[in-house]
Amino acid sequence: LRQKYLSAIADAADESALEDLRVTAVGKKGEVSLKMRELGRMTPEERQVAGPALNALKDEINSALAAKKSALEDAALDARLRDEWLDVTLPARQRPQGTIHPVSQVTEEVTAILADMGFAVAEGPQVETDWYNFDALNIPGHHPARTEMDTFYMHREEGDNRPPHVLRTHTSPVQIRSMQDAGAPIRIICPGRVYRADYDQTHTPMFHQVEGLAIDRDISMANLKWVLEEFFSAFFGTKVKTRFRASHFPFTEPSAEVDIQCSWEGGTVKVGEGDGWLEVLGSGMVHPKVLAAAGVDPNEWQGFAFGMGIDRMAMLKYGIPDLRAFFDSDLRWLRHYGFAA
Ligand code: PHE
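Residues numbered from 1 in each chain as written. Predicted model: local features only at pLDDT ≥ 70, side-chain atom pairs only at ≥ 80, totals over all residues. Heavy atoms only, no water.

The chain appears in an unreviewed UniProt entry as Phenylalanine--tRNA ligase alpha subunit from Boseongicola aestuarii. UniProt, in the comment section headed Catalytic activity (unreviewed entry), describes the chain in these words: "tRNA(Phe) + L-phenylalanine + ATP = L-phenylalanyl-tRNA(Phe) + AMP + diphosphate + H(+)". UniProt, in its Subcellular location (unreviewed entry) section for the chain, records the words "Cytoplasm". (UniProt positions renumbered as here; feature names shortened; annotations may be inferred.)

Pasting the structure below:
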């Protein structure tokens, strides 16, 4: 009996085989237990010999079971340690990283520079009424600027008597909204998306402008020129001269188009050097009719406004020849200019 169980225990392959052995040997109805029950029917002499022998056998089997059980557990742990290893020296797998789009980067930069100069950031809707986009800016219904701007009109159902809406063609309607909200004096900029039905190397149907507006009692074109030269020098990181050319916008009087100094060498534009000029924005003194339309008394208040193309600024800063590439979401292009990892 002893030999049978001890060698079976030694050969047990796993814990459940071991448990089966425990039940058949020393369980309630196990072979050793049944033998112990027979002790009652023995003579005292027989019992004196068989009793201790059976008890010793039971102890021996129990400790053999316990020893084998812990040996099996150790082996199982060793096997897991062998199988479930992890090489912590492996280099981490590369994960693609998002980056800020160049137009967003430039918008943030432009905003930061002008905010430092005391302009608060304002916002307005991209779907605008034709009153804010045109009428309030002194562009009446028949004015050629309405068609020149290649306006996107929102579709209207028959019988819809809400005012006509357009995709704003410039950020200038935010001048009106800001003055209506805060009155004068006021100093704001408004960066944002604008829309015109136009498409070529330097025009996309959606692009970005930043509007500037400064209204107080004695603001002049001289203040405008100073603000712009400070701005361009900070933005391009070098002293940039500006040139004001007389122009016309319905919402400013007088009006000026502003050029920045640059050189053209072999097709690359360098801002802040040379004797070339590049047109970058429209500006002027806010027209009295515009102030009045926004509820600001033109006899008391005056000031300047400007509107600048943000994408144009990004093209100049990074030497990018085609505006459309900004909006193609082509990773190879973004990587080429260092805008994506
Ligand atoms: N709104 C004009 C445009 O989009 C730019 C502009 C803004 C001109 C403010 C003068 C004053 O072309």
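A.B. asks: What is the right way to read helix H4 (residues 44–83) from this model?
C.D. replies: Since there are 3.6 residues in each turn of an α-helix, residues three or four apart along the chain are aligned in direction. Given a rise of 1.5 Å per residue, 40 residues ought to cover 58 Å, and the 58 Å separating the end C-alpha atoms of H4 matches this to within 8%. Within H4, burial applies to Ala50, Gly51, Leu54, Leu57, Ile61, Ala64, Leu65, Lys68 and Leu72. Looking at the buried side of H4, the elements it contacts are helix H1 (2–11), helix H2 (15–26) and helix H3 (31–38). (Helix = DSSP H or I, 4+ residues; strand = E, 2+ residues; numbered from the N terminus. Expected span 1.5 Å × (residues − 1). Buried < 20%, exposed > 50% of the residue type's maximum accessible area, 1.4 Å probe, protein only. Contact = heavy atoms within 4.5 Å.)

A.B. asks: Could you clarify how one ought to interpret the nonpolar core in this entry?
C.D. replies: It is characteristic of soluble globular proteins that their nonpolar side chains tend to be buried jointly. Core analysis: the biggest nonpolar cluster contains 43 residues, and Leu114, Phe232, Phe236, Ile260, Phe304 and Met313 have the highest contact counts within it. Apart from the residues within four sequence positions on either side, Ile260 is in contact with Phe232, Phe236, Val240, Lys241, Thr242, Val271, Gly276, Trp277, Leu278, Val280 and Leu316. Grouped together as the second largest cluster of nonpolar side chains are 24 residues, Ala122, Ala136, Val166 and Met179 included. (Core = buried A, V, L, I, M, F, W, Y, C linked by side-chain atoms within 4.5 Å.)

A.B. asks: How do you make sense of the environment of Asp150 when you look at a structure like this?
C.D. replies: Structurally, Asp150 is set in the loop between helix H7 (145–148) and strand E3 (165–167). Between the C-alpha atom of Asp150 and that of Pro205, which follows or precedes it by 55 residues, the distance is 9.4 Å. Other than its neighbours up to four places away in sequence, Asp150 contacts Arg196, Ala197 and Asp198.

A.B. asks: Explain the pattern of salt bridges here, please?
C.D. replies: Once the charged atoms of two side chains with opposite charge are near each other, the side chains can pair. All chains considered together, the criterion is met by 15 salt bridges. As a salt-bridge pair, Arg177 and Glu128 come within 2.6 Å of each other at their nearest N and O atoms. Taken together, the residues Arg177 in helix H8 (residues 173–182) and Glu128 in strand E2 (residues 127–129) connect sequence positions 49 residues apart. Judged by relative accessible area, Glu128 falls into the buried class, the value being 1%. (Salt bridge = Lys/Arg side-chain N within 4 Å of Asp/Glu carboxyl O.)

A.B. asks: I keep staring at the UniProt feature "binding site: Mg(2+)" (unreviewed entry) in the chain and nothing clicks. Help me out?
C.D. replies: As annotated in UniProt, the feature "binding site: Mg(2+)" (unreviewed entry) corresponds to Glu253 in the numbering used here. Beyond its immediate chain neighbours, meaning those up to four positions away, Glu253 contacts Met285 and His287.

A.B. asks: In this structure, what is going on with helix H5 (residues 102–116)? I would like to understand it.
C.D. replies: Taking 1.5 Å of rise per residue, the 15 residues of H5 would be expected to cover 21 Å, and the 21 Å separating its terminal C-alpha atoms lies within 8% of that figure. Looking only at H5, the buried set comprises Pro102, Val103, Val106, Thr107, Val110, Thr111, Ile113 and Leu114. Viewed along the axis of H5, the buried residues span an arc of 165°, placing them on a single side of the element. Residues of H5 that are exposed and angled more than 90 degrees away from the buried face: Glu108 and Asp116. Trailing H5 by a residue or two, Gly118 shows a phi angle of about 105°, which is positive. (Arc of directions from axis to C-beta.)

A.B. asks: Before we go on, may I ask you to explain the packing of helix H9 (residues 221–236) against helix H11 (residues 310–318) in this structure?
C.D. replies: The interhelical angle for the contact between H9 and H11, taken along N-to-C directions, is 45°, at an axis separation of 11 Å. Classified by the angle their axes make, H9 and H11 are oblique. Across the interface between the two elements, Phe232, Phe235 and Phe236 from H9 touch Met313, Leu316 and Lys317 from H11. Of the residues contributing to the contact of H9 with H11, the split by class is 5 nonpolar, no polar and 1 charged. (Axes fitted to C-alpha atoms, helices over the stretch in contact; angles between N-to-C directions. Parallel < 35°, antiparallel > 145°, perpendicular 65-115°, else oblique. Nonpolar A, V, L, I, M, F, W, Y, C, P; charged D, E, K, R; others polar.)

A.B. asks: Please explain the packing of aromatic side chains as it appears in this structure.
C.D. replies: Counted under the stated rule, the structure contains 12 aromatic pairs. Judged by centre distance (5.2 Å) and plane angle (65°), the ring pair of Phe231 and Phe232 falls under edge-to-face. Exposure class is identical for Phe231 and Phe232. Each is buried. On the numbers, 5.8 Å between centres and 20° between planes, the contact of Phe231 with Phe235 is stacked. With a gap of 4 residues between them, Phe231 and Phe235 both fall in helix H9, about one helical turn apart. Of the two residues, Phe231 and Phe235, both sit in the buried class. Between the NZ or CZ atom of Lys317 and the centre of the ring of Phe235, over which it lies, the distance is 4.4 Å. (Phe/Tyr/Trp six-rings, centres within 6.5 Å; stacked < 30°, edge-to-face > 60°. Lys NZ or Arg CZ within 6 Å of the ring centre and 35° of its normal.)

A.B. asks: Looking at this structure, how should I read the confidence of the model for the chain?
C.D. replies: If pLDDT is low for a region, its predicted coordinates should not be looked at in detail. For the chain, per-residue confidence averages 92 on the pLDDT scale, and residues scoring 70 or more make up 100% of the total. Note on the complex model: pTM 0.73, ipTM 0.98. (pLDDT = per-residue confidence, 0-100.)

A.B. asks: What's the story with the site of the ligand in this structure? I'm lost.
C.D. replies: Contacts to the ligand come from 14 residues, most closely from His170, Ser172, Arg196, Gln209 and Gly307. One of the side-chain N or O atoms of Arg196 is found 2.9 Å from an oxygen atom in the ligand. For the ligand, an oxygen atom lies 2.9 Å from a polar atom in the side chain of Gln209. For the ligand, whose free accessible area comes to 330 Å², the fraction covered by protein is 92%. Secondary structure elements with two or more residues in the shell around the ligand: strand E5 (206–216), strand E9 (276–286) and strand E10 (302–309). (Near = heavy atom within 4 Å. Polar contact = N/O pair within 3.5 Å; in protein donor to acceptor, adjacent residues only side chain to side chain. Areas by Shrake-Rupley, 256 points an atom, 1.4 Å probe, with all protein chains shown as cover.)

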